[in-house]
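Residue-level structure breakdown
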Protein chains: 2
Amino acid sequence: MQHKQIPDIVIGRLPVYLRALTRLIEQGRQVTSSQELGERLGISAAQIRKDLSQFGEFGKQGTGYNIEFLASKIQEILKVDRVWDVAVIGAGDVGHALVNYGGFHERGFQITQIFDNSPDKIGTSYKDIVVQDIEVMREAIRKAGTKVAMLAVPANVAQEVVDQLVEAGIEAILNYAPVNLVVPQGIRVQYIDPAVHLQNMTYYLD
Amino acid sequence: MQHKQIPDIVIGRLPVYLRALTRLIEQGRQVTSSQELGERLGISAAQIRKDLSQFGEFGKQGTGYNIEFLASKIQEILKVDRVWDVAVIGAGDVGHALVNYGGFHERGFQITQIFDNSPDKIGTSYKDIVVQDIEVMREAIRKAGTKVAMLAVPANVAQEVVDQLVEAGIEAILNYAPVNLVVPQGIRVQYIDPAVHLQNMTYYLD
């Protein structure tokens with residue numbers, strides 16, 4: 001599928017639209033409008049219409065959007081109309097919470113590999129997945145062809161692990177380690193750091 | 001402290017600068033430059049200089065930034081030169097990982113209250129904090145004067161819990177529930193949803 005160049009910020013809103021649409025489906029709804037979505041998301045209806053129009057015509061003037069149809073189109077655009085294998089690096093509290101999280105599969109992801117360096121953890125199972133030695137990570141990921149990883153290791157080792165992930169063929173990394181990562185062009189990294197999010201809000205408090 | 005209106009996107013980068021500076025301090029460094037910070041963060045040096053110049057003069061042309069001084073100034077700007085009490089709602093896997101996370105205190109936060117609705121969890125301790133019944137949440141938060149909350153409850157109850165948090169005086173919410181929240185003007189919400197972050201990256205994969 002060839003797209004014209006769409007701004008990252010527009011792509012960044014699509015998963016949020018998809019989440020809202022999925023919630024509407026769960027609530028038994030069939031049709032929605034850019035106004036309703038906008039109110040739920042705190043985004044203007046005009047912005048939503050403009051974002052979606054980048055990808056084609058998904059609604060009819062006056063009748064709104066068919067929710068199932070729009071959700072399936074956004075899934076297709078985001079390439080989550082399939083299920084991506086995900087490797088988790090780090091079997092601590094965060095890794096554990098990620099493996100236990102029930103919401104990934106329906107959103108396009110399944111955790112298929114877990115790696116850690118602790119002898120206490122290697123060989124134990126998290127759900128049905130055996131924690132493997134981080135020593136074999138590069139080869140195991142390359143062999144499986146995994147493209148997506150979630151990194152939940154201490155900050156001081158994160159960069160060296162990432163270098164290995166990139167060598168192993170990982171192209172998208174969700175980083176829970178509280179440190180910025182340097183990766184080659186073309187490798188995507190997103191960051192989850194609760195303290196950064198909190199600090200972002202305290203600025204506005206009295 | 002009175003500031004001129006600074007764009008949210010600039011404020012959003014300050015915690016990332018602070019994290020990088022803290023890492024440099026840990027590495028025993030004393031002076032850095034916008035070039036070095038830029039390389040570590042994948043942001044242009046010019047952008048960093050421009051962002052920081054909004055708040056005053058923190059470096060001298062040619063000699064770079066004193067790291068300790070710049071870090072303490074950013075802490076002051078972000079109001080994390082103090083420690084904020086934080087309430088965690090939901091004592092499941094995510095709540096548990098948050099309580100166990102060792103990195104909050106040095107970054108301006110301490111978890112002081114945990115609430116859940118499960119009889120199995122109420123009365124148990126997470127570290128030194130006793131899980132309280134969500135029924136008493138509103139009163140307990142109001143009494144303690146807590147302003148910051150992290151929400152780790154199921155999506156289908158998140159909005160009603162948030163309504164109570166707002167009534168209780170919470171002004172900043174870090175939301176782990178995979179759903180958008182509607183809050184009154186002036187209440188800040190940030191979102192952590194790993195599936196949204198992952199979907200944001202799969203768009204770019206082949």
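Residues numbered from 1 in each chain as written. Chains lettered and ligands numbered in written order. Predicted model: local features only at pLDDT ≥ 70, side-chain atom pairs only at ≥ 80, totals over all residues. Heavy atoms only, no water.

**Quick look at the relation of the copies chain A and chain B**
Once chain A has been moved 0.0 Å along the axis and rotated by 180°, it coincides with chain B to within an RMSD of 0.0 Å. Both copies are brought into coincidence by an operation consistent with a two-fold rotation axis. (Least-squares fit on C-alpha atoms with pLDDT ≥ 70 in both.)

**Some words on the environment of Ile192(B)**
In this fold, Ile192(B) is placed in the loop between β10 (188–191) and α8 (194–202). Each C-alpha atom of the pair Ile192(B) and Ala177(B) lies 7.8 Å from the other, and the pair is 15 residues apart in sequence. Among all residues touching Ile192(B), those that are not within four sequence positions of it are Ile192(A), Pro194(A), His197(A), Leu174(B), Asn175(B) and Tyr176(B). (Helix = DSSP H or I, 4+ residues; strand = E, 2+ residues; numbered from the N terminus. Contact = heavy atoms within 4.5 Å.)

**Quick notes on the confidence of the model for chain A**
In low-pLDDT segments, the atomic positions of the prediction should not be examined closely. Of all residues in chain A, 98% have pLDDT values of 70 or greater, and the mean over the chain is 94. If you check the scores for this complex, the pTM reads 0.92 and the ipTM reads 0.95. (pLDDT = per-residue confidence, 0-100.)

**Considering the side chain of Thr146(A)**
Structurally, Thr146(A) can be placed in the loop between α6 (137–144) and β8 (148–151). Classification of Thr146(A) as buried rests on a relative accessible area of 1%. (Buried < 20%, exposed > 50% of the residue type's maximum accessible area, 1.4 Å probe, protein only.)

**Some thoughts on the pairing of strand β5 (residues 109–116) of chain B**
Residue and element names in this part refer to chain B. Most of β5 is tucked away: six of the eight residues are buried. Note that strand β4 (residues 84–89) and β5 share six bridges and pair parallel. The residue bridging Asp 85 from the neighbouring strand is Gln 110, located in β5. With helix α5 (residues 93–100) bridging β4 and its parallel neighbour β5, the resulting β-α-β unit is right-handed. By the bridge criterion, three bridges tie β5 to strand β7 (residues 129–133) in an arrangement that is parallel. Looking across to β7, one finds that Phe 115 is bridged to Gln 132. (Pairing = 2+ DSSP bridges. Right-handed = clockwise from strand over helix to strand, strands pointing away.)

**A short note on the sheet that holds strand β4 (residues 84–89) of chain A**
All names here are of chain A. With respect to topology, seven strands assemble into an open sheet ordered β6-β7-β5-β4-β8-β9-β10, the strand pairing being mixed. Edge positions in the open sheet fall to β6 (125–126) and β10 (188–191), since each of these has one partner strand only. Pairing of β6 with strand β7 (residues 129–133) involves two bridges; the strand directions are antiparallel. Directly across from Tyr 126, in β7, lies its bridge partner Ile 129.

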